[in-house]
Amino acid sequence: MTTASPALPDDELRETLDLLSTVMASVSDRVDSQTEVLNRVNKTATEARQAAFAAKAQTDPKHYGELVGETIDGKIGDTLIRLARFAVDLGQQTMATDRVLKQAEEDKLAILRQVRDRENRAERLKRVLPWFGLGAVVLVLAMTVALPRFLASYPSTCAVIGGIWRTTTTGVDACVFYQP
């Protein structure tokens, strides 16, 4: 059972969108460079076809056979070398694009985890805060009742709160307050 991802705040959404737009711009640049490579490959293939048609159009195959064969072999060899280079470049561009996209996905997941953790901590605080407040109120009430009684139990603290330490007729010591 999966839970829906929490909505991101506007600032984090803007940051995510900025990151995604940067990644998309990078991917677009790489796709443009790959398009240029493919255009060069297409041009080279067209040139090779034209050379083959020109060789076929020759009237004396025996006379021009060796010359045409050497020319085509040279052009095809160069073309194959260029095609191999283009394939390597295209593969490198594809791997680089894949790495960038994987990194962007990992960054997005890390950001989402951080947001989820922050929201979980806030929820825990929201659950504990009422109990903390209730505990503080109970403590204040208890201290309101117990603190004066505790302070009045000792001669030195009795004087601090404005009382006088006296011994009663029954022989019990007590903190006494006189009204003027």
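Residues numbered from 1 in each chain as written. Predicted model: local features only at pLDDT ≥ 70, side-chain atom pairs only at ≥ 80, totals over all residues. Heavy atoms only, no water.

1. Comments concerning the overall build of the protein chain
Basically, it comes down to this: A run of H or I in DSSP becomes a helix once it reaches four residues, and a run of E becomes a strand once it reaches two; helices and strands are each numbered from the N terminus. The buried label goes to any residue with under 20% of its type's maximum accessible area, the exposed label to any with over 50%, and the partly exposed label to all in between, with areas taken from a 1.4 Å probe on protein chains only. Whether two residues are in contact is decided by their heavy atoms, any of which lying within 4.5 Å being enough. Areas reported here follow the Shrake-Rupley algorithm with a probe of radius 1.4 Å; residue values treat only the protein chains shown as occluding.
The number of helices and strands found in the protein chain is three helices and two strands. Listing every helix and strand of the protein chain by position from the N terminus yields α-α-α-β-β. Residues counted as buried form 11% of the 180 residues belonging to the protein chain. Contacts in the protein chain between residues at least 24 apart in sequence constitute 41% of all its contacts with a sequence separation of at least 6. When the accessible surface of the protein chain is totalled, it reaches about 14,400 Å², and 62% of it is carbon and sulfur.

2. Looking at the state of the cysteines
Worth spelling out the cut-off: Throughout, disulfides are identified as pairs of cysteine sulfur atoms within 2.5 Å of each other.
Summed over all chains, the structure comprises one disulfide. C158 shares a disulfide with C175; S-S distance 1.8 Å. An S-S torsion of about 85 degrees defines the bridge between C158 and C175 as right-handed. Taken together, the residues span a long stretch of sequence, with C158 in helix 3 (residues 155-160) and C175 in strand 2 (residues 173-176) at a distance of 17 residues.

3. Some words on the pairing of strand 2
Note the following rule: When DSSP finds two or more bridges between two strands, those strands count as paired.
One ladder, built from four bridges, connects strand 1 (residues 164-167) with strand 2; its direction is antiparallel. Bridging from a neighbouring strand, I164 pairs with V176 of strand 2. Connecting strand 1 to the next strand, strand 2, in antiparallel fashion are five residues, including G171 with a positive phi near 90 degrees.

4. Brief notes about the environment of Y154
Its location among the elements puts Y154 in the loop between helix 2 (61-151) and helix 3. Between the C-alpha atom of Y154 and that of C175, which follows or precedes it by 21 residues, the distance is 7.9 Å.

5. Re the pattern of salt bridges
Keep this limit in mind: When a carboxyl oxygen of Asp or Glu lies within 4 Å of a side-chain nitrogen of Lys or Arg, that pair is called a salt bridge.
Taken as a whole and judged by the stated rule, the model has six salt bridges. The partner of E105 in a salt bridge is K108, and the shortest N-O contact between them spans 3.8 Å. With E105 and K108 both in helix 2 and three residues apart, this pair spans about one turn of that helix. Relative accessible area serves as the criterion here: at 38%, E105 is assigned to the partly exposed category. Judged by relative accessible area, which is 32%, K108 ranks as partly exposed.

6. Quick word on the side chain of E12
To keep things clear, this is the line we draw: Here a polar contact is recorded for every N or O atom pair within 3.5 Å, except that within protein the pair must consist of a potential hydrogen donor and a potential acceptor, and residues adjacent in sequence are included only if both atoms are side-chain atoms.
Of note, E12 is situated in helix 1 (residues 10-56). Polar side-chain contacts of E12 include one of 2.8 Å to the side chain of R118. Not counting residues up to four positions away in its chain, the partners in contact with E12 are V115 and R118.

7. A closer look at the environment of A96
Within the secondary structure, A96 is located in helix 2. For A96, a relative accessible area of 13% puts it in the buried group. Measuring from C-alpha to C-alpha, the distance between A96 and R30 comes to 8.9 Å, with 66 residues separating the pair along the chain.

8. Some words on a nonpolar patch on the surface
Going by this rule: Here a patch means residues that are over 30% exposed by relative accessible area and free of salt bridges, tied together within 9 Å if like-charged and within 5 Å if nonpolar (Val, Leu, Ile, Met, Phe, Trp, Tyr).
A cluster of nonpolar side chains, contributed by L139, M143, L147, F150 and Y154, occupies part of the molecular surface with about 490 Å² of accessible area. Assignment of secondary structure puts M143 in helix 2.

9. Digging into the side chain of T97
Topologically, T97 is positioned in helix 2. In this structure T97 touches V27 and R30, once residues within four positions along its chain are discounted.

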